[in-house]
Amino acid sequence: MTPRTQLIGLAIGLSTCLSLCGCGASTPASATAPQAERPAPATVADSGDAFDVLPRPIRRADDLPLRIAAVDDEPASSDDRPDDVRDRTVADDKPGLIETLRGTIQGSPVFEESGAQESLLDSLNVAQDELNRVKRQNRRALREANRQVRVGTATRAPHLVLITISDLSSGDVGCYAGHAGTPHLDAFAQQGMRFTDFYAASAETRESRWSLLTGFNVGHAPVRSESSDRDRFTVSGVRSSLAEVLWQAGYATGFVGIWDDRSSPLSCGFDVWSGWPGRTELEPYAEFMYFDGVRAELTPNLDGRHEVATIELLLEEAIATLDRRSAEGRPIFLHLAVSPKLVAAPASQTDASMRGAERVAELDSRMGEFLSRLDGTSLADRCCILIAGESAAQESSGAFNGLAGGLKTSPDGLSEGNLRVPLLIRWPERISAGTVSKHACAVWDLLPTLADLAAARRRPPQLDGLSFAPELLGQPQREHNLMYWETGSDLAGQAVRKGRWKAVRAPGESKLALFDLDADPGEQDDLADAHPDIVEQFIVGRR
């Protein structure tokens, strides 16, 4: 092939690309696909390369001395994967026209010698960007067209504000532990329902967040491999997230806080997000913040100035997000993620000198201000607010193997003090004030529960989560068949709760410990030898 023939062929191919993408065409973009409210997926700026959607295999643990069932009912199908993965074929992995042309340009000296290589590559980049834009626009239009139309009971569904607090144990909150350190959270509990037996999915915040957003316990995270847990616990690896379910149900969605996932909130069902990627080393006075993935410097805190505390920024942005979203006429779902670690010390002491209880007390004060402002908005009468612990403070007692609010903590992260966290829910005129529930539930139950409250028709199948909406509304509530946790690399330890009984296989052990949580919530007396029949109920296989 002569250089002239190569150039002509390239020109035809490039012209075809630009024509297909609409580059330079007079037709407006809106004519290609209708505009929709859904934002384009984006990658968090500090999270490195984008995380590709992966299938979610069933968890296997065939190499364990004994195995504990990792599901509540039936295991999820091995083909329960995102739609854009399930039907993918080998042909889909072949390079497209633009990539083929780019390879031709870069691989042939003809274009370099002619001086046309750089301009041609620039044109291809423009074509690729435009093609990606059109694809995103078409996807948004299709998704918007398939969004649930809210009619009937769905029109009466509440606004949902989910406040998750990491590093907060049940013993840190006064209404659980009998102290007076959190008056605002205690007052909030008196206005609705307090759950005594609510659990994080893991002692690790990142893993518990993944479980909350996906509706699966950590036993159903993708299989362990040479990849890190950062790759394993990513929301993009499952079919649908909590925010995606509510967005599909017609909710305007927003996230404010620390986002500890390789995928962007904008690709996980949130319309907008403000905060920081999880790997960010946050200080009580942050110097920057991300808005929909775009980093913005916070001038009041630059050059050593401490004018606006991080927690103030978050709560102010949460109120602003609610105000902006309320103008759309849709029900709202806001997820606000905070931590006692974000609060700033008073002027009389340094941040480093603040003890855990002091940080919790300061956070309680800030939450009181936030709730007061929220109560003053037009959303208050139709708003269901949930305050949930996302992970327990692992050293709330000052040392491991101590007691956290009367609950034992241990280095393996499987004791009640490592896992049990507060859950407080207020919904005016629907949830009776001052109610206390002993229903055992966990963060992975929040997805189906909020889906029920939102009257969402489309739900991910075969979740581990079990809706406790009936409990909130005073109706008969089904109990979990079992609740499962695991911790450490290579399944170093496992725990299961079934009713009043909890079985624990500590790391390195082949024998289960058994505790009666009704009689012994502090897990002091191992009853495995006294009740071998109950122990056998938890064992699903031996090697």
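These lines cover the structure that appears in this document, whether it is placed above or below.

Reading guide: rules and limits
Residues numbered from 1 in each chain as written. Predicted model: local features only at pLDDT ≥ 70, side-chain atom pairs only at ≥ 80, totals over all residues. Heavy atoms only, no water. Helix = DSSP H or I, 4+ residues; strand = E, 2+ residues; numbered from the N terminus. Buried < 20%, exposed > 50% of the residue type's maximum accessible area, 1.4 Å probe, protein only. Contact = heavy atoms within 4.5 Å. Patch = residues over 30% accessible without salt bridge, like charges linked within 9 Å, V, L, I, M, F, W, Y side chains within 5 Å. Areas by Shrake-Rupley, 256 points an atom, 1.4 Å probe, with all protein chains shown as cover. Salt bridge = Lys/Arg side-chain N within 4 Å of Asp/Glu carboxyl O. Lys, Arg positive; Asp, Glu negative; His and termini not counted. Charge placed at Lys NZ, Arg CZ, Asp CG, Glu CD. Polar contact = N/O pair within 3.5 Å; in protein donor to acceptor, adjacent residues only side chain to side chain. Phe/Tyr/Trp six-rings, centres within 6.5 Å; stacked < 30°, edge-to-face > 60°. Lys NZ or Arg CZ within 6 Å of the ring centre and 35° of its normal. Core = buried A, V, L, I, M, F, W, Y, C linked by side-chain atoms within 4.5 Å. Pairing = 2+ DSSP bridges. Axes fitted to C-alpha atoms, helices over the stretch in contact; angles between N-to-C directions. Parallel < 35°, antiparallel > 145°, perpendicular 65-115°, else oblique. Left-handed = near helix turned anticlockwise from the far one by under 90°.

1. Regarding the overall build of the protein
Secondary structure summary: the protein contains 17 helices and 20 strands in total. The 543 residues of the protein split such that 53% are buried. Considering only contacts within the protein whose residues lie at least 6 apart along the sequence, 68% involve residues at least 24 apart.

2. Structural notes on a negative patch on the surface
A surface patch of like charges, here negative, comprises E281, E283, E287 and D303. Structurally, E287 is set in the loop between β6 (272–277) and β7 (288–291).

3. Focus: the side chain of T214
Turning to its location among the elements, T214 is positioned in helix α9 (residues 205–214). Among the polar contacts made by the side chain of T214, one reaches the main-chain carbonyl oxygen of W210 at a distance of 2.8 Å. For T214, the contacting residues outside a window of four places in its chain are V238, S240, L447 and L463.

4. Quick word on the packing of aromatic side chains
This model, assessed by the stated rule, comprises ten aromatic pairs. Chaining the aromatic ring pairs together yields one cluster made of F255, W259, F270 and F333. The ring of Y176 carries the charged tip of R194 above its face, separated from the ring centre by 4.8 Å. The ring of W501 carries the charged tip of R500 above its face, separated from the ring centre by 5.9 Å.

5. A word on the nonpolar core
Grouped burial of nonpolar side chains is what soluble globular proteins tend to show. Within the largest apolar cluster, 111 residues are counted, with the highest numbers of intra-cluster contacts made by I163, F333 and F370. Among the elements that make up this core, the one with the highest residue count is helix α12 (residues 310–326) (seven residues). Each residue touching I163, except ones within four places of it in the same chain, is listed here: L336, V338, M367, F370, L371, I385, L386, I387 and A388. Counting residues in hydrophobic clusters, the runner-up holds twelve residues, among them V496, V535, F538 and I539.

6. What to know about the sheet that holds strand β16 (residues 483–487)
Sheet architecture is open: four strands sit in the order β16-β17-β18-β19, paired in antiparallel fashion. If you trace the sheet from one side to the other, it starts and ends with β16 and β19 (513–516), each paired once. Between one strand axis and the next, the sheet turns through 15 degrees on average, direction left out of account. As judged from the five bridges shared by strand β17 (residues 493–498) and strand β18 (residues 501–505), these two strands associate in the antiparallel manner. If you follow Q494 over to β18, its bridge partner there is R505.

7. Regarding the sheet that holds strand β9 (residues 332–338)
Taken together, the ten strands give an open sheet; going across it, the order is β8-β7-β6-β5-β9-β2-β10-β13-β3-β14, and neighbouring strands pair in mixed fashion. Unpaired on one side and paired on the other, β8 (294–297) and β14 (435–437) mark the two borders of the sheet. Sheet twist, expressed as the average angle between the axes of neighbouring strands with direction ignored, equals 15 degrees. Taken together, the two bridges between β6 and β7 define a ladder with antiparallel strand orientation. Bridge pairing in β7 places G275 opposite Y290. Where helix α8 (residues 183–190) meets the sheet, its contacts fall on β3 (193–195), β10 (383–389) and β13 (423–426), and the angle it forms with β13 comes to roughly 55 degrees. The strands touched by α12 within the sheet are β2 (159–165), β5 (252–259), β6, β7 and β9, with β9 carrying the most contacts at an inclination of about 175 degrees.

8. Thoughts on the pairing of β8
In terms of strand pairing, β7 meets β8 through four bridges, oriented antiparallel. By the bridge assignment for β8, M289 is matched with A296. Here β7 folds back onto β8, and the loop between the two strands holds two residues, one of which, D292, carries a positive phi near 55 degrees.

9. So, the side chain of S467
If you trace the backbone, S467 turns up in the loop between α15 (446–453) and α16 (469–472). Of the residues examined, S467 reaches a relative accessible area of 13% and is grouped as buried. A polar contact is formed between the side chain of S467 and the side chain of D452, at a distance of 2.6 Å. At 3.1 Å, the side chain of S467 forms a polar contact with the backbone nitrogen of A469.

10. Structural notes on α9
By the criterion of burial, α9 is predominantly enclosed, with nine of the ten residues buried. Those residues of α9 lying buried are R206, E207, S208, R209, W210, S211, L212, L213 and T214. Of the residues trailing α9, G215 is marked for its positive phi of about 85 degrees.

11. Structural notes on the pairing of β6
Counting buried residues in β6 gives five out of six residues, a clear majority hidden from the surface. Inspection of the sheet shows β5 paired to β6 by six bridges, in the parallel sense. Each bridged residue has a counterpart across the sheet, and for I258 the counterpart in β6 is W276.

12. Considering the packing of α12 against helix α13 (residues 356–375)
Where α12 contacts α13, the axes come no closer than 11 Å and their chain directions differ by 15 degrees. With respect to α13, the axis of α12 lies roughly parallel. Considering how the two elements wind past one another, α12 and α13 form a crossing that is right-handed. Every residue of α13 that contacts α12 at I311, E312, L315, E316, A318, I319 and L322 is listed here: L363, R366, M367, F370, R373 and L374.

13. Description of the pattern of salt bridges
Under the counting rule described, the total for this entry stands at 23 salt bridges. Residue K341 is joined to D167 by a salt bridge in which the shortest nitrogen-to-oxygen separation is 3.8 Å. One end of the pair, K341, is in the loop between β9 and α13; the other, D167, is in the loop between β2 and α7 (174–177), and 174 residues separate them in sequence. Close ionic contact of R366 with E369 constitutes a salt bridge, the shortest N to O distance being 3.7 Å. Taken together, the positions of R366 and E369, both in helix α13 and three residues apart, correspond to about one turn of that helix. What you see here is one network of salt bridges that share partners, running through D197, E416, R420, R497, K502 and E523.

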